[in-house]
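Chain residues, written in single-letter form:
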Amino acid sequence: MDLVIEDYVDHLEIGFEQFKLKPGLELELHDEAGKLLPHKAQFVMALPGKGVLVSLQVSDPAQIALRPGAPCQVSGFNGKFDFAFNTQALKVDGSQFTAMLAAPASVTINFVRKHARTDLTIPAAVSSPRGGAGSSVTVRNLSLGGAAVSSVQPLGAKGGAVVLQLEVVFENRKELLKLAAVVRRSGPAKDSLMYDIGLEFVNPSRMDRLLLHYYLNTLATEYAVI
């Protein structure tokens, strides 16, 4: 599935099959016209081939505003980004305070713009802006603004221009990001014979920024293929 990019907001539209919600996550329900329903829901589980089971946050069945067969929109926030998807109520069980929703074809993710740092250990390469395979490095932490990498050799003087080549996974496909960067710090590591280098990304393309943002949020929240 292609990335969906609009001028006014950073967002991705992804297939629901790769979006794993955590049980207990609070959800807001909207009717077909977009009006917020008077009660919320909590995600229970996704049932392959059946739909999405949610619990309805009411104390009396008479308070349930969701009706069987009615189209609705589900939205929520997982601490990193907002998400929303369109669905339909397949079944509403007032005795159990639950509803079975149709599994949506896709989920829209709206990013919150924060440069949170994610610690990780992944292989990458740093090359010259002129091209080439570059030197192998290990990425130790990563954010939208830059990366800290370990290398067996210096990668240039402070202020020098480099390119970080990093593989990320989107929709089960490997995508190679080539991120222009500037060396902001460089020196021998305290506890090894390696060099610690800090890189700051410089004007990444909109597509690269969206892919990197999605990759970081996937790592941080452990969203994966269902």
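Only a predicted model underlies this, so the values are computations on that prediction, with no experimental measurement involved.

**Q** Tell me what's going on with the side chain of Ser127, and back it up with residues and numbers.
**A** Here Ser127 lies in strand E9 (residues 118–128). Among the polar contacts made by the side chain of Ser127, one reaches the side chain of Gln165 at a distance of 2.9 Å. Setting aside its immediate chain neighbours within four residues, Ser127 contacts Gly132, Ala133, Gly134, Val162, Val163 and Gln165.

**Q** Lay out the packing of aromatic side chains in plain terms, naming residues and giving numbers.
**A** Enumeration according to the criterion identifies two aromatic pairs in this entry. An angle of 80° between the planes, with centres 5.3 Å apart, marks the rings of Phe170 and Tyr214 as edge-to-face. With Phe170 in strand E12 (residues 161–170) and Tyr214 in helix H1 (residues 206–221), the pair connects residues that are 44 residues apart, well separated along the chain. For the pair formed by Phe170 and Tyr214, the shared burial category is buried.

**Q** Please set out the pairing of strand E13 (residues 173–188) residue by residue, giving values where relevant.
**A** Bridge count between E12 and E13: 10 bridges; the pairing is antiparallel. The partner of Val168 across the bridge, within E13, is Glu175. Here E12 folds back onto E13 in antiparallel fashion, the turn holding two residues, of which Glu171 has a positive phi close to 50°.

**Q** Requested: an account of the pattern of salt bridges, with residues and values cited.
**A** The tally for this structure, following the rule as stated, stands at four salt bridges. For the salt bridge of Arg173 with Glu175, the shortest nitrogen-to-oxygen distance reads 3.6 Å. Residues Glu200 and Arg184 are paired through a salt bridge, measuring 2.5 Å at the closest nitrogen-oxygen approach. Here the residue Glu200 occupies a position in strand E14 (residues 195–201), and Arg184 occupies one in strand E13, the gap between them amounting to 16 residues. Given the relative accessible area of 34%, Glu200 is considered partly exposed.

**Q** Run through the side chain of Ser143, naming residues and quoting values.
**A** Relative to the elements of secondary structure, Ser143 occurs in the loop between strand E10 (131–142) and strand E11 (146–151). We classify Ser143 as buried; its relative accessible area is 11%. Among the polar contacts listed, one links the side chain of Ser143 to the backbone nitrogen of Gly145, at a separation of 3.0 Å.

**Q** Break down unusual backbone geometry for me, citing the residues and quoting the values.
**A** A negative phi angle is the norm for most residues apart from glycine, just as the trans form is the norm for most peptide bonds. At Phe97, a position not held by glycine, the phi torsion is positive, near 55°. Relative to the helices and strands, Phe97 resides in the loop between strand E6 (81–93) and strand E7 (98–101). Not every positive phi belongs to a glycine, and Asn203 is a case in point at roughly 50°.

**Q** Tell me about the nonpolar core, and name the residues and values.
**A** Ranked by size, the top nonpolar core spans 56 residues in total, and within it Leu66 and Leu142 carry the most contacts. In this structure, Leu66 is in contact with Leu29, Leu37, His39, Leu56, Cys72, Ala89, Val92, Ala99 and Leu101, ignoring residues within four places of it in sequence.

**Q** Now, about the confidence of the model for the protein chain: what can you tell me, with residues and values included?
**A** On average, the protein chain scores 84 in pLDDT, and the residues at 70 or more come to 88%. Note that residues 1–9 has pLDDT below 50 and, in this model, 22 contacts with residues that lie over four places away or in other chains.

**Q** Give a detailed account of the sheet that holds E12, specifying residues and quantitative values.
**A** With respect to topology, six strands assemble into a closed barrel ordered E9-E10-E11-E14-E13-E12, the strand pairing being antiparallel. With strand direction ignored, the average angle separating the axes of adjacent strands in the sheet is 45°.

**Q** I'd like to hear about the environment of Lys40, residue by residue, with values.
**A** With respect to the helices and strands, the residue Lys40 is situated in the loop between strand E2 (26–30) and strand E3 (41–47). For Lys40, a relative accessible area of 33% gives the class partly exposed. On a C-alpha basis, the gap between Lys40 and His30 in space is 9.4 Å, while along the polypeptide they are 10 residues apart. There is a polar contact of 3.2 Å between the side chain of Lys40 and the side chain of Glu26.

**Q** Any details on the environment of Ser127? Residues and values, ideally.
**A** For Ser127, a relative accessible area of 6% corresponds to the buried category. C-alpha of Ser127 to C-alpha of Leu155: the two residues are 28 residues apart in sequence and 8.5 Å apart in space.

**Q** So, the pairing of E7: which residues are in play, and what are the values?
**A** Burial of the side chains of E7 extends over both faces: Thr98 and Met100 are buried on one face and Ala99 and Leu101 on the other. Sheet topology note: the strand E4 (residues 51–56)/E7 ladder contains four bridges and is antiparallel. The residue bridging Val52 from the neighbouring strand is Leu101, located in E7. Taken together, the four bridges between E6 and E7 define a ladder with antiparallel strand orientation. Paired with Lys91 across the bridge in E7 is Met100.

Conventions and cut-offs
- Residues numbered from 1 in each chain as written.
- Predicted model: local features only at pLDDT ≥ 70, side-chain atom pairs only at ≥ 80, totals over all residues.
- Heavy atoms only, no water.
- Helix = DSSP H or I, 4+ residues; strand = E, 2+ residues; numbered from the N terminus.
- Polar contact = N/O pair within 3.5 Å; in protein donor to acceptor, adjacent residues only side chain to side chain.
- Contact = heavy atoms within 4.5 Å.
- Phe/Tyr/Trp six-rings, centres within 6.5 Å; stacked < 30°, edge-to-face > 60°.
- Buried < 20%, exposed > 50% of the residue type's maximum accessible area, 1.4 Å probe, protein only.
- Pairing = 2+ DSSP bridges.
- Salt bridge = Lys/Arg side-chain N within 4 Å of Asp/Glu carboxyl O.
- Core = buried A, V, L, I, M, F, W, Y, C linked by side-chain atoms within 4.5 Å.
- pLDDT = per-residue confidence, 0-100.
- Axes fitted to C-alpha atoms, helices over the stretch in contact; angles between N-to-C directions.

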